[in-house]
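# A look at the structure
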Amino acid sequence: MKFFVDTADIDAIKELNDTGMVDGVTTNPSLILKSGRDILEVTKEICDIVDGPVSAEVTATEADEMIAEGRKLAKIASNIAVKVPLTWAGLKACKVLSDEGQMVNVTLCFSANQAILAAKAGATFISPFIGRLDDINLDGMELIADIRTIYDNYGFDTEILAASIRTVNHVTDSARIGADVITAPPGVLKKLADHPLTDKGLESFLADWAKTGQKIL
Ligand code: G3P
């Protein structure tokens, strides 16, 4: 399972990347706004840090302009995945860009039918938004499971990139279902290591170690 970090915060990306846990990065216009940085500059900086796919999102709404923006974003680095929204214009842009050999991430996916369209358009990644479905009392995980079943039924090689991950349980559930990738904010990824019994056990080992009076170094 691949872990992407969902942020344009350079310090957070560097910190997690140093642990070897970052297989890629996803950004979107809201995350670029949050960073306060220029999209081309910050995306280039991210691509210099992380070897894996770095999603950069187009902001046009018509296919031709999306394609032009996608080609410009793709010039930032060879590991750019151009992110397009799941609209007919986005699907058209996905088809053109993926036919050119460009990685494409189709985002804002909220239904299995949308995911089928993205796969048929040649998407490298489909991004179903789990948290936003849960927000309106639907079941984000059910969508991930449906897409997994459908993609496996037909041998689609589009990778399921579970997005809008809000909790550590979303990560576990995505892994159980077989999502190929999860993208999560740095805070959620960091929480994956937390367990109170780990903290308690370490505290007691350190207390006993101090009593031995020994040192390893
Ligand atoms: O990866 C998509 C993500 O940025 C959306 O997350 O929490 O804004 O729904 P959220």
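Computed from a predicted structure; not experimentally measured.

## Concerning the side chain of Thr-158
Mapped onto the elements of the fold, Thr-158 is located in the loop between α8 (140-154) and β7 (159-162). There is a polar contact of 2.8 Å between the side chain of Thr-158 and the backbone oxygen of Ala-123. Filtering out sequence-adjacent residues up to four positions away, Thr-158 remains in contact with Ala-119, Ala-123, Thr-124, Phe-125, Ile-126, Tyr-151 and Asp-180.

## What about the site of the ligand?
Near the ligand the following residues occur: Asp-6, Asn-28, Phe-129, Arg-132, Ala-163, Ser-164, Arg-166 and Thr-183. One nitrogen or oxygen atom from the side chain of Asp-6 is found 2.6 Å from an oxygen atom belonging to the ligand. Measuring from an oxygen atom of the ligand, one finds a side-chain N or O atom of Ser-164 at 2.6 Å. Taken atom by atom, the bulk of the ligand overlaps the largest pocket.

## As for the sheet that holds β7
Here eight strands make up a closed barrel; going around it, the order is β1-β2-β3-β4-β5-β6-β7-β8 and the pairing parallel. Strand-to-strand twist in this sheet, taken as the mean axis angle between neighbours without regard to direction, amounts to 30°. For strand β5 (residues 103-109) and strand β6 (residues 125-128), the ladder comprises three bridges, and the chain directions are parallel. Directly across from Val-106, in β6, lies its bridge partner Ile-126. Those strands touched by helix α4 (residues 63-74) are β3 (54-57) and β4 (80-85), and its axis lies near 160° from that of β4.

## Some points on the UniProt feature "active site" (unreviewed entry) in the chain
What UniProt calls "active site" (unreviewed entry) maps, in this numbering, to Lys-83. Along the chain, Lys-83 falls in strand β4. For Lys-83, a relative accessible area of 3% translates into the label buried. Beyond its immediate chain neighbours, meaning those up to four positions away, Lys-83 contacts Thr-26, Thr-27, Asn-28, Ser-55, Ala-56, Glu-57, Val-58, Asn-105 and Thr-107.

## Quick word on unusual backbone geometry
With a phi close to 60°, Leu-108 is a non-glycine residue in the positive phi region. By secondary structure assignment, the location of Leu-108 is in strand β5. For Leu-108, a relative accessible area of 32% puts it in the partly exposed group.

## Section: the layout of surface pockets
In this structure, the largest pocket spans a volume of roughly 420 Å³. For the largest pocket, the lining is made up of 23 residues, of which Asp-6, Asn-28, Leu-31, Lys-34 and Pro-185 are closest to its centre. When residues in the lining of the largest pocket are grouped by element, the largest group, four residues, is from helix α2 (residues 29-35).

## As for the side chain of Ser-164
Its location among the elements puts Ser-164 in the loop between β7 and α9 (168-177). Overall, the relative accessible area of 11% leaves Ser-164 in the buried class. A polar atom in the side chain of Ser-164 sits 3.2 Å from the backbone nitrogen of Arg-132. Setting aside residues up to four positions removed in sequence, Ser-164 forms contacts with Phe-129, Ile-130, Gly-131, Arg-132, His-170 and Thr-183.

Thresholds applied
Residues numbered from 1 in each chain as written. Predicted model: local features only at pLDDT ≥ 70, side-chain atom pairs only at ≥ 80, totals over all residues. Heavy atoms only, no water. Helix = DSSP H or I, 4+ residues; strand = E, 2+ residues; numbered from the N terminus. Polar contact = N/O pair within 3.5 Å; in protein donor to acceptor, adjacent residues only side chain to side chain. Contact = heavy atoms within 4.5 Å. Near = heavy atom within 4 Å. 1 Å grid on protein atoms, 1.4 Å probe; cavity = no way out; pocket = protein on both sides within 12 Å on 5 of 7 lines; lining within 4 Å. Sits in = over half its atoms within 2 Å of the grid points. Pairing = 2+ DSSP bridges. Axes fitted to C-alpha atoms, helices over the stretch in contact; angles between N-to-C directions. UniProt positions renumbered as here; feature names shortened; annotations may be inferred. Buried < 20%, exposed > 50% of the residue type's maximum accessible area, 1.4 Å probe, protein only. Points joined across faces, edges and corners; volume = space filled by probe spheres on them.

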